[in-house]
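Tertiary structure, described
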Amino acid sequence: MADSQSQTRPPRPTHTHINNSNPTSTFLRKLQYHAPNSTQLVGLLTLLISASILLLLTGLTVTATVLGLIFFTPLILLTSPFWVPIGTILFVLTAAFLSICGFVVALVAGLSWMYRYFRGMHPPGSDQVDYARSRIYDTASHVKDYASQYGGYLQIKVKDAAPGA
């Protein structure tokens, strides 16, 4: 409690008479009123130190990268006839392996869903599958009814058109 009370600002002094003739004293009074407390100063100091360390590490990384490229570029160029085919083969093998792993994961997920669906465990999306199945069944039964009603009519028309058929 005492710590939180020590960080609060004292109330703003109210002066009935402000001497506007001296701009320096007015500036210093405003600066003193808006001065940061100790917690803000420690935070700012921490920010500056962290930013300086990160800037130094970034500079060292860029310098090491450039020097590494300068020294190793001749070696890379001389051995590139070996590295390009090896890199291509490794890339293709890695892509094939990752693709197969992805297909296996999808297959296992699909089979697991189907197992739960057929066992009646109602996995996510089973209501949509049931709705689609009922729609397909309804459509097929309507087509069957339509064909049984009008199929005889078409056969009569075909016999009229071709009496020997």
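Residues numbered from 1 in each chain as written. Predicted model: local features only at pLDDT ≥ 70, side-chain atom pairs only at ≥ 80, totals over all residues. Heavy atoms only, no water.

Topic: the overall build of the protein chain
Worth spelling out the cut-off: Secondary structure elements are taken from DSSP: a helix is a run of H or I of four residues or more, a strand is a run of E of two residues or more, and numbering for both begins at the N terminus. Each residue's exposure class comes from its accessible area (1.4 Å probe, protein chains only) as a fraction of the maximum for that residue type: buried when under 20%, exposed when over 50%, partly exposed otherwise. Surface accessibility in these figures is a Shrake-Rupley result with a 1.4 Å probe; residues are shielded only by whichever protein chains are displayed.
Looking only at helices and strands, the protein chain features four helices and zero strands. Going through the 165 residues of the protein chain one by one, you find that 2% of them count as buried. Surface accessibility of the protein chain: about 15000 Å² in total, with carbon and sulfur atoms responsible for 72%.

Section: unusual backbone geometry
A positive phi angle is found at His122, which is not glycine, with a value near 55°. Mapped onto the fold, His122 is located in the loop between helix H3 (38–118) and helix H4 (126–161). Residue classification places His122 among the exposed residues on the basis of a relative accessible area of 62%.

As for the packing of aromatic side chains
We apply this condition: The aromatic pairing rule takes the rings of Phe, Tyr and Trp, using the six-membered ring of Trp, and pairs them if the centres are within 6.5 Å, calling planes under 30 degrees apart stacked, those over 60 edge-to-face and the rest tilted.
As enumerated under the stated definition, the model contains two aromatic pairs in all. An angle of 70° between the planes, with centres 5.4 Å apart, marks the rings of Tyr117 and Phe118 as edge-to-face. For Tyr117, a relative accessible area of 15% gives the class buried. Residue Phe118 is classed as exposed on the basis of its relative accessible area of 65%. Members of the aromatic cluster, connected to one another through ring pairs, are Trp113, Tyr117 and Phe118.

Some points on H3
In an α-helix there are 3.6 residues to a turn, and that puts residues three or four apart on one side. Cut-off, in case you're wondering: Expected helix span is given by 1.5 Å per residue-to-residue step, counting one fewer step than there are residues.
Over its 81 residues, H3 extends only 68 Å from the first C-alpha to the last, a length that falls short of the 120 Å expected when each residue adds 1.5 Å. Residue Gly120 follows H3 closely and has a positive phi angle near 85°.

Quick notes on a nonpolar patch on the surface
Going by this rule: Surface patches are drawn from residues lacking salt bridges whose relative accessible area is over 30%; two like charges belong together within 9 Å, two nonpolar side chains (Val, Leu, Ile, Met, Phe, Trp, Tyr) within 5 Å. One side-chain nitrogen of Lys or Arg within 4 Å of one carboxyl oxygen of Asp or Glu is enough to make a salt bridge.
Taken together, the side chains of Val62, Val66, Leu67, Ile70, Phe71, Phe72, Leu75 and Ile76 present a nonpolar region at the surface, about 810 Å² in accessible area. Along the chain, Leu67 falls in helix H3. Classification of Leu67 by relative accessible area gives partly exposed; the value is 41%.

Some words on the side chain of Ser126
Test applied: Note on definitions: a residue-residue contact is assigned when non-hydrogen atoms from the two residues lie within 4.5 Å.
Structurally, the position occupied by Ser126 is in helix H4. Setting aside anything within four residues of it in sequence, one finds Ser126 in contact with Trp113 and Tyr117.

Details of the confidence of the model for the protein chain
Applied cut-off: For every residue, the pLDDT score states the predictor's confidence, bounded by 0 at the bottom and 100 at the top.
Overall, the prediction assigns the protein chain a mean pLDDT of 84, with 78% of residues at 70 or greater. Predicted confidence in the protein chain is weakest over helix H1 (residues 2–6), with a mean pLDDT of 52, and strongest over H3, with 95.

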